[in-house]
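Listed here are the chains, written in short residue letters.
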Amino acid sequence: VVGNHDWAVLGLMDVEEFNPEARRAVVWTRDHLNADNLAWLAALPNKPVVVGRYTLTHGSPRDPIWEYILHTSVALANMSFFETPCCLVGHTHVPALHVVVEGENKVRGLQPPFGQALPLREDWRAIINPGSVGQPRDGDPAAAYLLLDTAARTFAHCRVPYDVNGTQAEMRELGFAPRLIARLAFGW
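One structure accompanies this document, and this report is about it. (Residues numbered from 1 in each chain as written. Predicted model: local features only at pLDDT ≥ 70, side-chain atom pairs only at ≥ 80, totals over all residues. Heavy atoms only, no water.)

**Focus: the sheet that holds strand E4 (residues 96–101)**
Alright, step 1. With mixed pairing, six strands are arranged side by side in an open sheet as E1-E2-E3-E7-E4-E5. Each edge of the open sheet is held by one strand with a lone partner, namely strand E1 (49–51) and strand E5 (108–110). On average, adjacent strands in this sheet sit at an angle of 20 degrees to one another, irrespective of strand direction.
Alright, step 2. In terms of strand pairing, E4 meets strand E7 (residues 124–129) through six bridges, oriented antiparallel. From the neighbouring strand, histidine 98 faces E7, where its bridge partner is isoleucine 127. (Pairing = 2+ DSSP bridges. Helix = DSSP H or I, 4+ residues; strand = E, 2+ residues; numbered from the N terminus. Axes fitted to C-alpha atoms, helices over the stretch in contact; angles between N-to-C directions.)

The structure is reproduced here in structure tokens:
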């Protein structure tokens, strides 16, 4: 699914909505993608996509491009915008698990344990964020991702270290903003 930076690269979102460093990164990306890359981005769905029991979106089900789900109140407000038992989101770059248990009208924000497979319980409606491989923002610089076993109906938040120093060196060579380079080492 398409995200806010993708839209900005495609010229479908005003880059003035981004901070100066992000704006420069969008312009750099736009200048370095070829026509096939841009066509691929342009073909991505800009609305939530349903695949079996899962809804996939970038921001949130109610605002697929731009809304951040950082708080349980925002997660609760989004529960009525998807019909599947589980919605997978990104955008915040923060691993998260927001759950409404059947019969309750509140969201529980649960700390996802890393590396441990958990069942997607039948009495749950959940919004899950895997975190970010490229720019984690939860204080841990290791790449974060999610393993979802649709047959077993389990999921596991995972972490893997990567060469942050090497990535930062490449970013310096390409002229990226110092703040964007530094944040990788701290996971913010």
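**Some points on the sheet that holds strand E6 (residues 118–119)**
Alright, step 1. The antiparallel open sheet is built from three strands, whose spatial order is E6-E9-E8. Here the strands that pair on one side only, and so sit at the sheet edges, are E6 and strand E8 (143–149).
Alright, step 2. As paired strands, E8 and strand E9 (residues 154–160) are joined by seven bridges and run antiparallel to one another. Following the sheet pairing, alanine 144 is matched in E9 by arginine 159.

**Some thoughts on the nonpolar core**
Alright, step 1. Grouped together as the largest cluster of nonpolar side chains are 13 residues, with contacts concentrated most on Leu97, Leu120, Trp124, Ile128 and Phe155.
Alright, step 2. Residues within four places of tryptophan 124 in sequence aside, it is in contact with Pro85, Leu97, Val99, Val100, Val101, Leu110, Pro119 and Phe155.
Alright, step 3. Membership of the second largest hydrophobic core comes to eleven residues, among which are Met13, Ala22, Leu41 and Leu44. (Core = buried A, V, L, I, M, F, W, Y, C linked by side-chain atoms within 4.5 Å. Buried < 20%, exposed > 50% of the residue type's maximum accessible area, 1.4 Å probe, protein only. Contact = heavy atoms within 4.5 Å.)

**Here we look at the side chain of glutamate 21**
Alright, step 1. Summarising the element assignment, glutamate 21 is placed in helix H2 (residues 20–32).
Alright, step 2. Taking relative accessible area as the criterion, glutamate 21 reaches 18% and is therefore assigned buried.
Alright, step 3. Aside from chain neighbours lying at most four places away, what touches glutamate 21 is Ala177, Arg179 and Leu180.

**Quick word on the environment of phenylalanine 81**
Alright, step 1. Following the sequence through the fold, phenylalanine 81 ends up in the loop between helix H4 (72–78) and strand E3 (86–88).
Alright, step 2. Among the residues examined, phenylalanine 81 registers a relative accessible area of 45% and is labelled partly exposed.
Alright, step 3. Each C-alpha atom of the pair phenylalanine 81 and proline 48 lies 9.6 Å from the other, and the pair is 33 residues apart in sequence.
Alright, step 4. Excluding anything up to four places from it in sequence, phenylalanine 81 contacts Pro61 and Arg62.

**Structural notes on the pairing of E9**
Alright, step 1. Across two bridges, E6 lies against E9 in antiparallel orientation. For leucine 118, the partnering residue across the bridge sits in E9 and is phenylalanine 155.
Alright, step 2. Once E8 ends, the chain turns through four residues before running back antiparallel as E9, passing arginine 153 with a positive phi of about 55 degrees.

**With respect to the environment of alanine 142**
Alright, step 1. Tracing the sequence through the fold places alanine 142 in the loop between E7 and E8.
Alright, step 2. Taking the C-alpha atoms as reference points, alanine 142 and aspartate 163, 21 residues apart in sequence, are found 9.2 Å from one another.
Alright, step 3. Filtering out sequence-adjacent residues up to four positions away, alanine 142 remains in contact with Pro136, Arg159, Val160 and Pro161.

**Quick word on unusual backbone geometry**
Alright, step 1. Even without being glycine, histidine 93 reaches a positive phi, approximately 70 degrees.
Alright, step 2. Its place among the elements puts histidine 93 in the loop between E3 and E4.
Alright, step 3. Even without glycine at this site, arginine 153 takes up a positive phi of about 55 degrees.
Alright, step 4. Taking the relative accessible area as the measure of exposure, arginine 153 reaches 13% and is therefore buried.

**Quick notes on a nonpolar patch on the surface**
Alright, step 1. Residues Val133, Tyr145, Leu147 and Val160 make up a contiguous nonpolar surface patch of roughly 330 Å² in combined accessible area.
Alright, step 2. Along the chain, leucine 147 falls in strand E8. (Patch = residues over 30% accessible without salt bridge, like charges linked within 9 Å, V, L, I, M, F, W, Y side chains within 5 Å. Areas by Shrake-Rupley, 256 points an atom, 1.4 Å probe, with all protein chains shown as cover. Salt bridge = Lys/Arg side-chain N within 4 Å of Asp/Glu carboxyl O.)

**Focus on the packing of aromatic side chains**
Alright, step 1. Inspection of the entire model under this criterion finds three aromatic pairs.
Alright, step 2. Measuring from ring centre to ring centre gives 5.0 Å for tryptophan 28 and phenylalanine 176, while their planes differ by 55 degrees; the resulting arrangement is tilted. Here phenylalanine 176 lies in the loop between helix H5 (164–173) and helix H6 (178–186) and tryptophan 28 lies in helix H2, a separation of 148 residues in the sequence.
Alright, step 3. Measuring from centroid to centroid gives 5.9 Å for phenylalanine 186 and tryptophan 188, while their planes differ by 15 degrees, and the two rings are stacked.
Alright, step 4. Using a relative accessible area of 40% as the deciding quantity, one classes tryptophan 188 as partly exposed.
Alright, step 5. Cation over ring: arginine 125 sits above phenylalanine 82, and NZ or CZ is 4.2 Å from the ring centre. (Phe/Tyr/Trp six-rings, centres within 6.5 Å; stacked < 30°, edge-to-face > 60°. Lys NZ or Arg CZ within 6 Å of the ring centre and 35° of its normal.)

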